[in-house]
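# Chains, contacts and geometry: an overview
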Amino acid sequence: MKVLNVTGNQKLTGSIRISGAKNSAVALIPATLLANGVTTLCNVPDISDIDVLEKTLEYLNVSVKRASGSLLIDTKNLENKAIPEELSNKLRASYYFMAVLLARFKHVEMYFPGGCQIGSRPIDQTLKAFKLLGATIEENGCLFVIDAKVLKGAKIPLDMPSVGATINSIIVASLAKGKTIITNAAREPEIVDLVDMLNKMGAKIEGAGTNSITITGVESLNGTNHDIIPDRIEAGTYTIIGALLGDYLKVDNIIPEHIKSVTDKLEEMGANLDIHSDYLIIDSQNKLKKVDIETHVYPGFPTDLQQPFTTLLTRASGESHITENIYENRFMNVPYLNKMGANISQNGKTITISGPTKLKGTKVSATDLRAGASLLIAALAAEGDTEIENIEHILRGYEQIVEKLTNVGAKIEIKEI
Ligand code: EPU
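Figured I'd write up the structure that's included with this text. The residue count restarts for each chain, going from 1 along the sequence in the order it is written. In keeping with the predicted nature of the model, local features appear solely for residues at pLDDT of at least 70, side-chain atom pairs appear and are counted solely at 80 or more, and the whole-chain, interface and lining totals rest on all residues. Side-chain measures here rest on the full set of heavy atoms in the structure, leaving out hydrogens and waters.

### Description of the overall build of the protein chain
- Looking only at helices and strands, the protein chain has 14 helices and 23 strands in total.
- When the backbone C-alpha atoms are referred to their principal axes, the protein chain occupies close to 60 × 45 × 40 Å.
- We call a residue buried when its accessible area falls under 20% of the maximum for its residue type, exposed when it is over 50%, and partly exposed in between, using a 1.4 Å probe and counting protein chains only. Across the 417 residues of the protein chain, 57% fall into the buried class.
- In what follows, residue pairs with any heavy atoms lying within 4.5 Å of each other are defined as contacts. Within the protein chain, contacts between residues at least 6 apart in sequence are counted, and of these 72% link residues at least 24 apart.
- Put simply, the protein chain shows about 16100 Å² of open surface, and 47% of that area lies on carbon and sulfur atoms.
- Separation between the mean location of the 43 positive side-chain charges and that of the 49 negative ones in the protein chain comes to 2 Å. Segments assigned H or I by DSSP are reported as helices when at least four residues long, segments assigned E as strands when at least two residues long, and all are numbered from the N terminus. The Shrake-Rupley method, run with a 1.4 Å probe, gives the accessible areas here. Residue values count only the displayed protein chains as cover. Under this rule, positive means Lys or Arg and negative means Asp or Glu; His and the chain ends count for nothing. Where a charge sits is defined by one atom per residue type, namely NZ (Lys), CZ (Arg), CG (Asp) or CD (Glu).

So this is what it looks like as structure tokens:
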């Protein structure tokens, strides 16, 4: 088993470069299969979720060449096969293949997707969109068999602005006949990134980044070259670390607008933050005050940074409240933070963090990706040594996290025990 050992309370100085966005990459890689040809994706993060997608592409007989941050994907021999459950249940994004194979072959067989266990995570909105676009769906246990004689543009009113359902609807509608209008669409930057790539491939999509997206289907798409946007959740995570431990820490290669909800909260807390066009500098010398946070869809405060932010709030003076509106099971970091010395209580979907409290090193376990990030931040800020188990969760989403933190002065290493 791999564990992460951290000796806490080291000041961090220097620069951390943010990698390509995980949640863009995991949509863009399957979406390249919409084209018949070669696509080069740049700024692809080197994380284990991408390894799983690469294996899935190879299983579908797609050629993938990986070279320093880029993926060259050649779809000319793409085959339509049911992706084995042990691959599809590794990550939520595997169901983007469902949409792509349906769009290309009008028939797909796929198992229920996996992903972090942070709530029920149904896929009803994706299935509703597929049906509106003309598909029939048969469920055999966890296996979905989806067919369409013809895929036709439709009005798709989503019941909630789901990121995954918006992406799946865009993918299928891109090759469907006629016009599709998705209303109550998700507005996340990763959706805009996907649409930018698809439009370069020849798709006709308007309105990405708003809650109404119009897609005029085309006959076929071509390969292209595309740079993935920087990861706003990784940027937010290192900015939070900087607020706790930064000695003028630079968080480089960011799109400040994408993390505005987070930097606004940091400023409200009194953090010393200097934001430039594509980087920010954060320093930990200011005393931090309590804030209240509610997670919402973009451009609201992201659920993916709620757990990392909880760790920061243990060091703020006063009673902070966090309400988690997206997932019902995203407080699994809390018992471990309390074990480290935090004072956090939970009442339904709201937690109260009473601070400031000192954190001390101990043994903890990452239950999911962002809970893992929360505990890693706590370990970096704590007095003494912390051992984090189940770090596979963290490695799913943060590229070269040990190297990036070591380079700015953290004492952190992965050990095999
Ligand atoms: N929902 C439904 N039905 C659906 C789809 C969603 O009820 O058919 C509900 C979900 O249960 C949840 C909410 O709607 O309560 C939001 O789900 P959404 O579909 O927007 O999320 P997702 O596409 O499954 C992506 C990210 C998550 C991120 C969420 C919200 C990827 C691969 N995953 O998930 O990222 O938390 O959007 O922003 O893009 C992470 O990176 O740690 C992570 C979990």
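### Looking at the layout of surface pockets
- In this structure, the largest pocket spans a volume of roughly 1000 Å³.
- A 1.4 Å probe that fits but cannot get out identifies a cavity on a 1 Å grid over protein atoms alone, an open set with protein on both sides within 12 Å along at least five of seven lines counts as a pocket, and a residue lines either if it has an atom within 4 Å of a point. Lining the largest pocket are 45 residues, with Arg121, Val163, Gly164, Ile326 and Tyr327 sitting closest to its centre.
- Of all elements in the fold, only α1 (22–31), α4 (95–105), α5 (124–132), α6 (163–174), α8 (232–245) and α12 (369–381) reach the threshold of two or more residues within the lining of the largest pocket.
- Of the residues assigned to the lining of the largest pocket, the class counts are 20 nonpolar, 12 polar and 13 charged.
- Inspection of the lining of the largest pocket shows a minimum of three residues originating in each of domain 1 (2–19 + 230–416) and domain 2 (22–227).
- Grid points are joined across faces, edges and corners, and a volume is the space filled by probe spheres set on the points. In this structure, the second largest pocket spans a volume of roughly 370 Å³.
- Lining the second largest pocket are 14 residues; nearest its centre among them are Leu244, Ser284, Asn286, Lys287 and Arg315. Any residue that is not Ala, Val, Leu, Ile, Met, Phe, Trp, Tyr, Cys, Pro, Asp, Glu, Lys or Arg is counted as polar, Gly included; the first ten are nonpolar and the last four charged. Each domain's extent is set by a domain assignment, obtained either automatically or from a database.

### Some thoughts on the site of the ligand
- In this text, near means that some heavy atom of the residue lies within 4 Å of the molecule or strand in question. The immediate surroundings of the ligand are formed by 21 residues, with Ser162, Val163, Asp304, Ile326 and Arg370 found nearest.
- Contacts described as polar in this section are N or O atom pairs within 3.5 Å, which, within protein, must combine one atom able to donate a hydrogen with one able to accept it, while residues neighboring in sequence count only if both atoms come from side chains. Pro122 places a polar main-chain atom, nitrogen or oxygen, 3.4 Å from an oxygen atom of the ligand.
- Interatomic distance of 2.8 Å between a backbone N/O atom of Gln125 and an oxygen atom of the ligand.
- Coverage of the ligand by the protein amounts to 90% of the 830 Å² it exposes when considered alone.
- Every element with two or more residues in the shell around the ligand is listed here: α1, α5, α6 and α12.

### Things to note about the sheet that holds strand β20 (residues 350–355)
- Whether two strands pair comes down to DSSP finding at least two bridges between them. Strand order in the open sheet formed by four strands is β17-β18-β20-β19, and the pairing between neighbours is mixed. Two strands close off the open sheet at either side, each with one partner strand: β17 (292–294) and β19 (344–347). On average, adjacent strands in this sheet sit at an angle of 15° to one another, irrespective of strand direction.
- Direction of pairing for β19 relative to β20: antiparallel, over a ladder of four bridges. Across the sheet, residue Ser345 finds its bridge partner in β20, namely Thr352. Where helices are involved, their axes are fitted lines through C-alpha atoms of the stretch in contact, as for all axes, and angles between N-to-C directions lie from 0 to 180°.

### Some remarks on the pattern of salt bridges
- One side-chain nitrogen of Lys or Arg within 4 Å of one carboxyl oxygen of Asp or Glu is enough to make a salt bridge. Counting across every chain of the model gives 15 salt bridges.
- Between Arg66 and Glu54 there is a salt bridge, with its nearest N and O atoms 2.4 Å apart. In this pair, Arg66 sits in strand β4 (residues 63–67) while Glu54 sits in helix α2 (residues 48–59), placing the two residues 12 residues apart along the sequence.
- Given the relative accessible area of 34%, Arg66 is considered partly exposed.
- Between Glu234 and Lys404 there is a salt bridge, with its nearest N and O atoms 2.7 Å apart.

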